[in-house]
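Spelled out, the chains give:
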Amino acid sequence: MTAPAASSRAWLLNAMTTVLLWGIWGAFSGLSPQYGFPETLVYCVWALTMVPPALIVLALAKWKLDLNPRAIAYGFAIGALGAGGQMVLFYAVTRGPAYLIFPVISLSPVVTIALSFLFMGERTGRLGAVGIVLALLALPTFDFAPGGSAQGGGWLVLALIVMLCWGLQAYFMKSANRIMSGESIFFYMTVTGLALVPVALALTDFSRPINYGLDGPGLAAVIQVLNAIGALTLVFAFRYGKAIIVAPLTNAGAPLATAIISLVALGVMPGSIKLVGIVLAVAASLLLAVEPDGASQAAAESS
């Protein structure tokens, strides 16, 4: 199975949907731990919220699931890299400062761009290249917070592992779309996420008070379903678009949306460094959105 032609602007619609949903999710994702529902259990809820969209898209695809060994290997690799990276992140934030860990992780598109350039031959025009550079410059600023002290060096290795996992996941997501359907990719992502639930439960400290009320798992489900649907639209963004454009656009756009929503809904004013990041992300998003796709660009050059 080959992916649809890159001339479709469906990639932009799906990418911007991911940006919006992950932006909202990012603005409110911290509420669950604040209300006494630990992050490890939030992961369990997230894994469960992946199930409804997975079943819906499979039903729309008439339950056609790619079952050849290569598709299965791709699907589980994508799921393991995503969910496994999340597991490592849980441990990393207990070993080091989040204000240093997340900027490192946010550079995962560098891995995706490098691999897509080298192994899939993806290229972009001048606007896209400038947009990619601006996006990469913007990414670390959204999670940067001056002050604090590093708690040993082990956290850096863990952060680099998460960055590598998520960069590889995006690359494999694009590569897999060449041989299997987006519905199948998301199904295997869901199965892998569920398979790691016992690990998350084992990492949970049940000796501490846990909020099992509506503002515990209930609130987590409402928030995490945004993450799940955003992951689904990201799969289709990679299906229709170039990884070297989709990865930096979504990774810079989502924190941008989070910053704006936090400012409007929560009254959180970003610092000067984050304001610089917002300006860079806006410019990057605009450039990446207007960058001509491969087919239309070729047609323009031949006319």
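Note that this is a predicted model, so its numbers are computed, not measured. (Residues numbered from 1 in each chain as written. Predicted model: local features only at pLDDT ≥ 70, side-chain atom pairs only at ≥ 80, totals over all residues. Heavy atoms only, no water.)

With that settled, consider the layout of surface pockets. Using a probe with the size of a water molecule, rolled over the atoms, empty space left in the structure can be pinpointed. Empty space within the second largest pocket amounts to approximately 390 Å³. If you go around the second largest pocket, you meet 17 residues; those closest to its centre are Pro38, Glu39, Thr40, Leu203 and Arg208. Taken together, the elements giving at least two residues each to the lining of the second largest pocket come down to α3 (39-49) and α5 (69-95). No other element matches α5, which puts 5 residues into the lining of the second largest pocket. Taken together, the residues that form the lining of the second largest pocket break down as 10 nonpolar, 4 polar and 3 charged. (1 Å grid on protein atoms, 1.4 Å probe; cavity = no way out; pocket = protein on both sides within 12 Å on 5 of 7 lines; lining within 4 Å. Points joined across faces, edges and corners; volume = space filled by probe spheres on them. Helix = DSSP H or I, 4+ residues; strand = E, 2+ residues; numbered from the N terminus. Nonpolar A, V, L, I, M, F, W, Y, C, P; charged D, E, K, R; others polar.)

As a further point, take helix α10 (residues 182-195). In this model, α10 (14 residues) spans 20 Å end to end at C-alpha, consistent with the 20 Å of a helix rising 1.5 Å per residue. Across the 14 residues of α10, 10 count as buried, placing the element largely inside the fold. What α10 keeps buried is the set Gly182, Glu183, Ser184, Ile185, Phe186, Tyr188, Met189, Thr190, Thr192 and Gly193. (Expected span 1.5 Å × (residues − 1). Buried < 20%, exposed > 50% of the residue type's maximum accessible area, 1.4 Å probe, protein only.)

A complete count under the given rule lists 5 aromatic pairs for this structure. Centre to centre, the rings of Tyr171 and Phe172 are 5.6 Å apart; their planes meet at 55°, and the pair counts as tilted. In textbook terms, an aromatic cluster arises when at least three aromatic residues are bridged by ring pairs, as seen for Tyr74, Tyr171 and Phe172. (Phe/Tyr/Trp six-rings, centres within 6.5 Å; stacked < 30°, edge-to-face > 60°.)

We now examine the side chain of Thr204. One can find Thr204 in the loop between α11 (197-202) and α12 (214-240). For Thr204, the side chain forms a polar contact with the side chain of Thr40, separated by 2.7 Å. For Thr204, the contacting residues outside a window of four places in its chain are Pro38, Thr40, Leu41 and Ile210. (Polar contact = N/O pair within 3.5 Å; in protein donor to acceptor, adjacent residues only side chain to side chain. Contact = heavy atoms within 4.5 Å.)

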